Each structure stands twice: as C-alpha cells, then as structure tokens.
There are 2 protein chains.
Amino acid sequence: MKQLVDDYPTRKSAVPSLLERKDPVVYQKTLNQSEIGTSELEFYEQNGFLFLQSFFDEDEVARFKSETKRLLTEAHGSTRPEVILEPESEEVRSIFAVHRDDAFFQQLASSPRLLAVAKQILDGEVYVHQSRINFKPGFTGKEFYWHSDFETWHAEDGMPRMRALSCSIALEDNTYYNGSLMVIPGSHQWFVSCVGETPEDHYKESLRRQQYGVPDQESLTKLVNESRIEMPIGKAGSVLFFDCNVMHGSSANISPYPRSNAFFVYNSVENKLQEPFSSSKPRPQYIAARS
Amino acid sequence: MKQLVDDYPTRKSAVPSLLERKDPVVYQKTLNQSEIGTSELEFYEQNGFLFLQSFFDEDEVARFKSETKRLLTEAHGSTRPEVILEPESEEVRSIFAVHRDDAFFQQLASSPRLLAVAKQILDGEVYVHQSRINFKPGFTGKEFYWHSDFETWHAEDGMPRMRALSCSIALEDNTYYNGSLMVIPGSHQWFVSCVGETPEDHYKESLRRQQYGVPDQESLTKLVNESRIEMPIGKAGSVLFFDCNVMHGSSANISPYPRSNAFFVYNSVENKLQEPFSSSKPRPQYIAARS
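Quick notes on the rules
- One numbering rule holds for all chains: residues counted from 1, following each sequence as written.
- The order in which chains are written sets their letters, starting at A; the order in which ligands are written sets their numbers, starting at 1.
- Totals for whole chains, interfaces and linings use every residue, but because this is a predicted model, local features are given only for residues with pLDDT of at least 70 and side-chain atom pairs only at 80 or more, for both listing and counting.
- By convention in this description, side-chain values take in all heavy atoms of the structure and omit both hydrogens and water.
- UniProt positions are given in the numbering used here, feature names are shortened, and annotations may be inferred rather than shown by experiment.
- Lining residues are defined by having an atom within 4 Å of a point belonging to a cavity or pocket. Those points lie on a 1 Å grid over the protein atoms alone, cavities being sets where a 1.4 Å probe fits but cannot get out and pockets being open sets with protein on both sides within 12 Å along at least five of seven lines.
- Grid points are joined across faces, edges and corners, and a volume is the space filled by probe spheres set on the points.
- Comment: elements are numbered from the N terminus, with helices defined as DSSP H or I runs of at least four residues and strands as E runs of at least two.
- When residues are grouped by polarity, Ala, Val, Leu, Ile, Met, Phe, Trp, Tyr, Cys and Pro land in nonpolar, Asp, Glu, Lys and Arg in charged, and all others, Gly among them, in polar.
- Paired strands, in this sense, are two strands between which DSSP finds at least two bridges.
- Angles here are taken between N-to-C directions and fall from 0 to 180 degrees, while the axes themselves are lines fitted to C-alpha atoms, restricted in helices to the stretch in contact.
- The copies were overlaid by least squares, fitting only the C-alpha atoms of residues that reach a pLDDT of 70 or more in each copy.
- Residue contacts are counted whenever heavy atoms from the two residues lie within 4.5 Å of one another.
- How far a helix is expected to stretch is found by multiplying one less than its residue total by 1.5 Å.
- Any residue under 20% of the maximum accessible area for its type is buried, any over 50% is exposed, and the rest in between are partly exposed; the area is computed with a 1.4 Å probe on protein chains only.
- The arc in question is formed by the directions pointing from the helix axis toward the C-beta atoms.
- Pairing of N or O atoms within 3.5 Å defines a polar contact, subject to two protein rules: one partner must be a possible hydrogen donor and the other a possible acceptor, and residues neighboring in sequence count only if both atoms are side-chain atoms.
- The definition used for a disulfide is geometric: two cysteine sulfur atoms within 2.5 Å.
- Buried area counts how much accessible surface, traced with a 1.4 Å probe, disappears from two parts once they are put together, with both parts' losses summed.
- Only one rule defines a salt bridge in this text: a Lys or Arg side-chain nitrogen within 4 Å of an Asp or Glu carboxyl oxygen.
- As used here, the term nonpolar core means buried Ala, Val, Leu, Ile, Met, Phe, Trp, Tyr and Cys residues forming a set that is joined through side-chain atoms within 4.5 Å.

An unreviewed UniProt entry annotates chain A as Ectoine hydroxylase of Paenibacillus montaniterrae. Per UniProt, chain A carries the Sequence similarities (unreviewed entry) text "Belongs to the PhyH family. EctD subfamily." As its UniProt record puts it under Catalytic activity (unreviewed entry), chain A is described as follows: "L-ectoine + 2-oxoglutarate + O2 = 5-hydroxyectoine + succinate + CO2".

Once that is clear, we can look at empty space enclosed by the protein. Residues and elements named next belong to chain A. Counted by the stated rule, this structure contains six cavities of 30 Å³ or more. As a volume, the largest cavity reaches approximately 280 Å³. Taken together, 25 residues form the lining of the largest cavity, with Asn134, Ser168, Leu181, Arg259 and Asn261 sitting closest to its centre. Listed by contribution, the elements that provide at least two residues to the lining of the largest cavity are strand E5 (126-134), strand E6 (144-147), strand E7 (164-170), strand E10 (239-243), strand E11 (248-250) and strand E12 (261-268). Looking at side-chain class alone, the lining of the largest cavity contains 10 nonpolar, nine polar and six charged residues. In this structure, the second largest cavity spans a volume of roughly 90 Å³. Looking at the lining of the second largest cavity residue by residue, the classes come out as eight nonpolar, six polar and no charged.

This brings us to the sheet that holds strand E6 (residues 144-147) of chain B. All names here are of chain B. What the three strands build is an open sheet, ordered E6-E11-E8; its pairing is antiparallel. The open sheet is flanked by E6 and strand E8 (181-183), the only strands paired with a single partner. Ignoring strand direction, the axes of neighbouring strands in this sheet form an average angle of 20°. Two elements, E6 and strand E11 (residues 248-250), share two bridges in a ladder whose sense is antiparallel. Bridge pairing in E11 places His147 opposite His248.

This part takes up the relation of the copies chain A and chain B. When chain A is fitted to chain B, the residual RMSD is 0.0 Å, and the transformation amounts to a turn of 180° plus an axial shift of 0.0 Å. Taken together, the rotation and translation relating the two chain copies correspond to the operation of a two-fold axis. Residue by residue, 100% of the interface of chain A is reproduced at the interface of chain B, so both copies engage with the same surface.

On to the layout of surface pockets. Residue and element names in this part refer to chain B. Put simply, the second largest pocket is a space of about 320 Å³. Looking at the second largest pocket, it is lined by 15 residues, and the ones nearest its centre are Leu72, Phe135, Pro137, Pro258 and Ser260. Sorting elements by how many residues they give to the lining of the second largest pocket places helix H2 (residues 58-75) first, with four residues.

As a further point, take H2(B). Residue and element names in this part refer to chain B. Across its 18 residues, H2 extends 25 Å between first and last C-alpha, which sits within 8% of the 26 Å expected from 1.5 Å per residue. Residues of H2 that are buried: Val61, Phe64, Glu67, Thr68, Leu71 and Ala75. Looking down the long axis of H2, one finds its buried residues gathered within 130° of arc, a one-sided arrangement. Facing away from the buried surface of H2 by more than 90 degrees, the exposed residues are Glu58, Asp59, Lys69 and Thr73. Check the buried side of H2 and you find it contacts strand E3 (83-85), strand E4 (92-96), helix H3 (98-101), helix H4 (103-109), strand E5 (126-134) and strand E7 (164-170). Looking at where H2 begins, the residue whose side-chain oxygen comes 3.1 Å from the main-chain nitrogen of Asp59 is Asp57. Once H2 finishes, Gly77 follows within two positions and takes phi at roughly 80°, a positive value.

Linking two cysteines covalently through their sulfur atoms gives a disulfide. Residue and element names in this part refer to chain B. This structure, assessed with the given rule, holds zero disulfides over all chains. Cys194 forms no disulfide, and the closest cysteine sulfur to it belongs to Cys244, at a distance of 14 Å. On the basis of relative accessible area, Cys194 is assigned to the buried category, the value being 3%. Of all cysteine sulfurs, the one in Cys167 lies closest to Cys244, which takes part in no disulfide; the gap is 14 Å.

Right, let's talk about the interface of chain A and chain B for a bit. Chain A puts 26 residues into the contact, and the matching count from chain B is 26 residues. Across the interface of chain A and chain B, roughly 2,300 Å² is buried in total on both sides, 66% from carbon and sulfur atoms. Of all residues in chain A, A:Phe139, A:Tyr177 and A:Ile254 bury the most surface against chain B, accounting for 32% of the area lost on that side. At the surface where chain A touches chain B, the tally comes to zero salt bridges. Our enumeration of links across chain A and chain B arrives at two residue pairs in polar contact (both at pLDDT 80 or more). Every element with two or more residues in the side of chain A that touches chain B is listed here: E6, helix H8 (217-225) and E11 of chain A. A per-class count over the side of chain A that touches chain B returns 15 nonpolar, eight polar and three charged.

Judged by nonpolar contacts, the single largest core of 41 residues is most densely connected at B:Phe56, B:Leu114, B:Ile169, B:Phe241, B:Phe264 and B:Tyr266. Among the elements that line this core, the one with the most residues is helix H5 (residues 112-122) of chain B, at six residues. Discounting residues that sit within four places of it in the chain, B:Phe56 has contacts with B:Val61, B:Phe64, B:Leu108, B:Arg113, B:Leu114, B:Ile169, B:Gly237 and B:Val239. Counting residues in hydrophobic clusters, the runner-up holds 40 residues, among them A:Leu114, A:Ile121, A:Leu165 and A:Val239.

Next comes the structure, spelled out in structure tokens:
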C-alpha cells in the first residue's frame, strides 16, 4: 500500500529543504455555499488562512464554554491517552477525539456551516481527520513552535496530498497577550522538508513538546522575509480556517487569561490515509482517524 | 546597618499578600526639563510607565546596533559572570554592567536626555544601579515571567524605597510577535509580597530562569482585572521608562526577529542600597552597584 512516489519527502535527509507545493489550495472555486464569498476564498488561497470574526454568536459561545468546562472537569486526573498534559505541570493541554467520544462536540464538528466552508475549499465530501480541545491555561500555557500540520500528518499518519484544512473555534477571546496563533501568510505554498528520522511512538512525546518535524531556522526566515507574521485575533466565537500546510505557531501564555479553542481537521475523502511516509507505524486512531 | 522597619516585606511568609505602595511615584512634579511634558508625567504617575516613540533617531540607532554587535561578538564563549546565557542554549541572553565596562554604553547611560527624565521623576541626582544589554534572540528567546524589579532589588540588593526607574532602549523593532515587554498599568501602586526564602547565590540561576520572588497567580489576576495588560511596541530607538515596581514580563520569541534592548536602571542617590532585606548577602556589584 506504500506509495512509490513521495512528493513531500521529510525526515529522510540530513539537510532541510524548501519544496514547492504540488497540490491546489482551493479545490472548488465555484461558490456552492453562502458562508464565505469569492474574496474570502481568494484570501484563503493566497494566504493559506481565513479568519472569520464572530462566526458563532454569544449564545452559541456560552454553550461551547460550558460544554468545554464539563469536558475539562471529566478529564482532570484521567489517564486516558486522549488527555494530554502540559510539559511542566499536570494541567490539561489538549483532549483529543472529542468528535468521536463526546456527543456535543460530535454535533459541533458536523455543523453544516463549518462543513460548508470545508467542502467548498476541499471540493466534495470530507471527514474529521483529527479533533481536539486545546486548553492554553493562563500563566502556564507553553508555546507551540512553528510547524506545518501536514508535515506531521504526511510523515506520521500517511496523509498523501495537501487536501485538508483545520478549523479553530475560539472559546475565549484571542488577544496579543494570551498566546494566540501566529501564521506566516503564503507559507502554505512551500513544503519545509525537515531533517532526521521519526522515533517510534514519537507522538507520545510530541503532543507535549515537539522535537522532530521541526522546520529549520533558515527556511523559516525565508518564509517570513518573503511575507510577514500575522496574528489573527478576535472575540470568542471567531473561527480560523487554515490550510494543512501553512506554517503556524504560538507563544507561551503568561497572561491570566486562558486561550482555549476547539479544533477540527477536515480531510477530503479522496485523500484517505496510507502507510506513514516517514514512520514505522501509524499513530493511533484518536490522533488520526483511519476509518 | 540593617533597617528595623521593612515596609515591603517579601520572601518571609508562607502566604503571599498585596501591600499598598508607601512611596511617591513622581518625586518632582514641577517640570525642570524639556524631554517630557506634564501630561506624560501624569501618565507615568498613573500607569507606572511611559513609552516614547523614536526617542533616538535612525543614525543613533544604527550606532547602538553596531556597538551592540561588537559587544555580542566579544561576549561569545566568554565565561565572565557578566555574560548570562539562555536556559536551554549557549546563546547570550544578557550582558551586565555595560555602563561600567564599556566606554560606549557608559556614555549612553550618561546621556543628558535620559538623565533629564530620570531626574525629573526621581527628583535630584541619580546613579546607575544596574545596566545590561538584553539579547532576545529570534526563534529561541525565552519568556520572562511577571515580576516587579523592586521586589528583587529590595530582597536581594537592599534597595530601601521605591525611588528608582528603568529605561529600556529598543535596539530592534518591538512587535506583537517578538516577545515584547508587557506591563500591567497601575500595578506599581501595589507591592506583591512573595512567598519563600531566597536561597544563597540565587542570582546565578535567577538571571537565567526565575524561581523565587515570583508573584502569586491570585495577586496577578487581581492586578490585571483591575486594569489590563499593555504591550508598548514601536520602532528601534523607542524608549520605555518604567517604575521599579510596575509588574511586567514578556513572552518567548519564536519569530525570526531578535528583540534586543539596552537597559539602564537609575536610582536616586537618596535611596542607596543597604543590607539585603530577604537574603543573606548582597549580589555582586555587576548586578547591583553599591558604590
């Protein structure tokens, strides 16, 4: 089942490289929904992300928050693998597979409004490749270094093409001060091939702290110098859609304000997972749905 | 020589507390210079800081940068105690006592324009209590957690009153993305008494990573909730003056852009150091000038 040709080789060489993207960004340019218009679709294609202020209203956000609070309470002290802790404390950093394990978030992941945008961009049917709630607690939330999600999904999960996107729903206000996501606009057009091999069961550590699949400083500098860094910020209820290959990261959060978000990855049904491209065995289903 | 009364007890109790400030903020309200006006002085008094865009012009900044580059080159690989490294790498984080050891920065610290502002606020003669160049390298610059400088200077250096201020000269553009300083406006009116005792020679570790004199989360939350967080940003050459007791901190810097600054602390000659208030012996002269 392993592909003969790997268009996005990574973790196979001792030197990093910048490769051109070989896949479309927007797969369906004819509008077939009313959530976003042509100019927003063009913005997404050019920049690799689209930030929609107040996509969900206050009542919806209040419900999201109470359901998230319930989830967090249930997760405290849990030893389920789906519950990931902060590297230097026992605080919950993420809960995975909420679209599978929790009725409320299953329904949210299937929201027709979110699906409409995902299907427009990816063209046709999609499924949830990964879901999680990220809790970036106040004071102690650690940084996520720069990365392309696709690099990991390709290397460790066997995702063949760049035909997936992420959707991050802000459960708290995102500000310049609480570790909001930063993106490098346009970076989705380049694949940063990373050095080194993936160690077995790398995911157990990498969800807490990234060590492999880390882009090199020279490539990052090039990407930023040709563009810029942007930090889309807004009220709770805002939604950020971003391409699977756009370079993004976030700083630590030393403010008292948590920065939680619900995170769904939609993948095209035409882009089903194969054998991992740079890892001996695929990651578990709660991180990367294979069925 | 040890004072009988300690108006700002810290690191002496097992529980933190918030104490009211017992000292003025602006010691001389009658204008005696032309660098800042009455409204700026009032802003400083109310908020505990004052950010002056383009205080130094482009030519001056270019000179500052080349002199800083020279200093950094000289410091690489040095084992002088004045050279402090990043906690997780061999990169230089700070160089102390540049006003003492380096002719160029000695002159900069004595700039009549900087001194005019310091003398206005502190009323009368001042001297340099501490100086340093901070290098916050791109990609790897680590965070500085929230702290009041005065808490440390009082506990470890024996600074009796809140009659000192810091002046941070931006040597690079400060943005929302490269770990710029954050302040809690108004927090200078409260002293956060911290828990725990100061271990011997704490400074050797604390300059790399703070562990004692750390304000508690409850006090920080109160200070922020009664006010806000601000991040004064601007071009290289901007200057931030801030009160010795204002709560401040900064996030990590994962951007490719370094964020260096030259940092001078002016203390009133009426406020000379005594025995440390919460430590067995004073820190070395290169961290806190005693003569």
